Each structure stands twice: as C-alpha cells, then as structure tokens.
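# Fold and contact review
Below are the chains, spelled out letter by letter.
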Amino acid sequence: MNVNKHDGQQDQGGDGAQVSTGATSEAGGAPDAAIPELVIISGMSGAGRSTAAKCLEDLGWFVVDNLPPALIPTMVELGARSQGNVARIAVVVDVRGRRFFDNLRESLADLDTRGVTRRIVFLESSDDALVRRFESVRRPHPLQGDGRIVDGIATERQLLRELRGDADLVIDTSGLNVHELRAKMDAQFAGEEEPELRATVMSFGFKYGLPVDADLVVDMRFLPNPHWVPELRQYTGLNEEVSAYVFNQPGAKEFLDRYAELLRLVQTGYRREGKRYVTIAVGCTGGKHRSVAMSEKLAARLAAEGVETVVVHRDMGRE
C-alpha cells in the first residue's frame, strides 16, 4: 500500500481505566473557559485502537484508555479546569467496558449541550484479519465466551454497529501495518490548525474487494484498461505515459471535471453538517492503472481547492 499527502495492530488488553499523557498536565486551579477538544477512539478489538491512541499521545493528546463512557463529561470538565494544560483529550471506548457502553449515547448528548467539539474515530477490520491477529497472539476475543473467535467478532460488530454509523472517521486496518495506521492518524491529527475538511482519495481494485471505510465509491472500469497495452502493462497509474493514456480516452477528462464539480457540492454539505473527514474510493479492475491515475488527478483538484488531501493506493503492487 502506498500513502501520499497532497499539500496489523493488536490492542493491548487490561482491566480498568489507564491514563497516560504526552505532555505534563495538572487538574485543578480556576475554571478555564477553554473546553478541551475531544476524540473518542473505538472500533473492533484487534483493529488497532491502542496504536491509534498511542499515536495521539505522541502528538501531545491526553489519552485515557478504557474510560467508562459515563465519565467522559467529567473528564472533559477536569480538562476545562486545567487552565489550558489539557487542551486535547482522546478517550478509548471499547467492549471491555461493555457494562457502561449503554451510557455512551447519553454522554455524547451531554457533551453536545456543553458545546464540546468531539469526533469519533472508528477502527474497522475484516473478520479474516481479526482472526489472524487473535490467533497470532494466542488470545481469545473478549466477547467469544465459550464459542469461537468468529462468534466474539460477530457479537462485537453487532454491538458497535450504531456507533460505527455515527463515526466521523472510519479507518479500515485490514491491510495496514502499524506504521501505515500511524501515517493515517498523523495525516488527520498532526496539523496545528484544524482544516475545514480532510479527504482521503483511495485507489483500489474491485477484484480485491470494496474498501469498507469508503464514503463515496466511483468505478473507472468504463475506461480502456492499460493492462492490455503491452508497453504500459508493467507500469502503474503514477507513470506519465499511463496517465496520459487514461486521460486521452473518451470521457476521462469529462468525468474528472464533473466529479470534481459534484464533490464541491458534497463538500459544502459535509461542512454544513460538521463532517470533517471523507474517504473517496476510486476503483478499477486491479487497482494499478486507471484508478491510480484518476485518484492522483482528483486529489490534486481537491488540494487546489483547499481540502487537505491524502492519497492511498491500496492495491498498487499487489498483483
């Protein structure tokens, strides 16, 4: 997988709330008017929650692992009283605290009434990838009970279905290693100034399956495939000759222009609704030629319009 910027992770278990910080902070003192920024990290066990949390900790966020959801507003209140020492809080919420999980929606509503800027990051992964990760460390799934790992995964996926639908950012870690997940988190959270909208443009091959974290999907298979041109077959859509071949085909430039125009309309709606992240998946047969070339051009268009954009070529080099 290749990640560019235009401008297996196994969670660590444990019981009880664990608190760590990437910067020195003290609770107390006079109440401060500044309400901390909040990120809630959740998702499937084994999908990389601990890695995502560690990345935010390294970026200076105050990280709380496995905090009961009912205590999240209290944590934010303590941060607000820290006189600016705790300006950004990340909370990991997962099924280890499932006795308190029903309180999460009530806590989120409470935060909304207080005007807290909050985002939900959901870590997703395929069943096959999760099974491999649990088997590699010889650990049971926290919800499998007397059943199999796949039973625990199915139960957890059902419990988290509603939260996944409410997530601001969904990251599929099925094909990511630790470094690639950290790169995705850095791309979303490392900036000092929060942009209005961040976009990930992902090329992929339909023969390898749809990206589960895509918000929008488009299909480039209506264009002739450079794979059948012998002198182009060995190259990718990053090659100038391949890109020129793709965009010289009838409909290619028109598609880019009209889809970029459509995305302007979508961007306006996303900003209005407070959605800060969008993943645009661009597919072709193998994810090597047409989708790669189109993703690069589309990302350049978005970046030129002020959208902070990351390009990911999921399946390039996979054949």
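Residues numbered from 1 in each chain as written. Predicted model: local features only at pLDDT ≥ 70, side-chain atom pairs only at ≥ 80, totals over all residues. Heavy atoms only, no water.

## Considerations on empty space enclosed by the protein
Counted as a void, the largest cavity has a volume near 90 Å³. If you go around the largest cavity, the residues you meet are Leu 169, Val 170, Ile 171, Lys 184, Ala 187, Gln 188, Thr 200, Asp 213, Thr 279 and Val 310. When contributions to the lining of the largest cavity are tallied by element, the ones reaching two or more residues are β7 (169-172) and α7 (178-189). The residue inventory of the lining of the largest cavity, partitioned by class, reads five nonpolar, three polar and two charged. Looking at the second largest cavity, the residues that line it are Leu 197, Ala 199, Leu 216, Leu 263, Val 266, Gln 267, Tyr 270, Val 278, Ile 280, Leu 302 and Val 307. Elements with a contribution of two residues or more to the lining of the second largest cavity: α9 (252-272) and β10 (277-284). Counted by class, the lining of the second largest cavity contains 10 nonpolar, one polar and no charged residues. (1 Å grid on protein atoms, 1.4 Å probe; cavity = no way out; pocket = protein on both sides within 12 Å on 5 of 7 lines; lining within 4 Å. Points joined across faces, edges and corners; volume = space filled by probe spheres on them. Helix = DSSP H or I, 4+ residues; strand = E, 2+ residues; numbered from the N terminus. Nonpolar A, V, L, I, M, F, W, Y, C, P; charged D, E, K, R; others polar.)

## Focus on the pairing of β10
Judged by how many residues are buried, β10 sits mostly within the fold: eight of eight residues are covered. Both faces of β10 are covered, namely the face carrying Tyr 277, Thr 279, Ala 281 and Gly 283 and the face carrying Val 278, Ile 280, Val 282 and Cys 284. In this sheet, β10 lies alongside strand β8 (residues 198-205) in parallel orientation, the contact comprising eight bridges. If you follow Gly 205 over to β10, its bridge partner there is Cys 284. Bridging between strand β9 (residues 216-219) and β10 involves four bridges; their strand directions are parallel. Residue Asp 219 lies in a different strand from β10, and its bridge partner there is Gly 283. (Buried < 20%, exposed > 50% of the residue type's maximum accessible area, 1.4 Å probe, protein only. Pairing = 2+ DSSP bridges.)

Keep in mind these values describe shape, not function.
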